Amino acid sequence: VLGVVILVLFASGLFAAGQAKPGGKTGQFPAPPAGARVWRSQTTGKEYRVWIENERLHAVWTNVPAELVQGGAYIRTECQRVGTRWVGSSQTYLPFPCGTTQNGKHVGKWCHVLTKIEFRRVEVDRITGSAEGYRRFDCETCKIVEAVMKDFEWVPKEQSPVSSK
């Protein structure tokens, strides 16, 4: 049954197969193939290019705001299949709010953070799962002090209502 589901996903164009990257080093992240589909988070409004390559599901944040692009922000996700789910991690480089100035404006610190992510359902018109977030974050060490798993739902960008998030 699992093989049929995978075959249907590929045949429907959900994911585009890219060429294998021989000799890849740890820490390198593959570039998305040209045909990889863009998905929009119904929770955050972020858009991700998603594809499966070499038995791994990949997602890359694509609609990064200009002020964050200048700082080099990214979210890159890689998961492997575990039963019917895809389990892995997201590497992020983002500014985290680390206090306020005298005028009340948040001060941010750029941090590299590795978080858990799980895709429970990957379908032609919907992706659902949960990702690790935080209740408390230590800006000095760039570490999550108190983690929480947050559910998400992604839909194909071309079917997503416009969001202001």
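From a predicted model like this one, the values you see are computed outputs, not experimental measurements.

Cut-off values and rules
- Residues numbered from 1 in each chain as written.
- Predicted model: local features only at pLDDT ≥ 70, side-chain atom pairs only at ≥ 80, totals over all residues.
- Heavy atoms only, no water.
- Pairing = 2+ DSSP bridges.
- Helix = DSSP H or I, 4+ residues; strand = E, 2+ residues; numbered from the N terminus.
- Salt bridge = Lys/Arg side-chain N within 4 Å of Asp/Glu carboxyl O.
- Buried < 20%, exposed > 50% of the residue type's maximum accessible area, 1.4 Å probe, protein only.

**Topic: the pairing of strand E8 (residues 143–156)**
- By the bridge criterion, three bridges tie strand E1 (residues 37–41) to E8 in an arrangement that is antiparallel. Within E8, the position partnered with Trp39 by the bridge is Pro156.
- With 11 bridges connecting them, strand E7 (residues 127–138) and E8 associate as antiparallel partners. Looking at E8, one finds that Ile127 is bridged to Trp154.
- Taking the residues that link successive antiparallel strands as the turn, the E7-E8 hairpin has four residues, and the phi of Cys142 there is positive, at about 60°.

**What to know about the pattern of salt bridges**
- Evaluated as defined, the whole model comprises 10 salt bridges.
- In this structure, Glu118 engages Arg85 in a salt bridge whose closest nitrogen and oxygen atoms are separated by 2.3 Å. Of this pair, Glu118 sits in strand E6 (residues 106–122) while Arg85 sits in strand E5 (residues 85–100), and the two are 33 residues apart along the sequence.
- Judged by its relative accessible area of 35%, Arg85 is partly exposed.
- Between Glu123 and Arg121 there is a salt bridge, with its nearest N and O atoms 2.6 Å apart.
- According to the relative accessible area criterion, Glu123 is partly exposed, its value standing at 23%.

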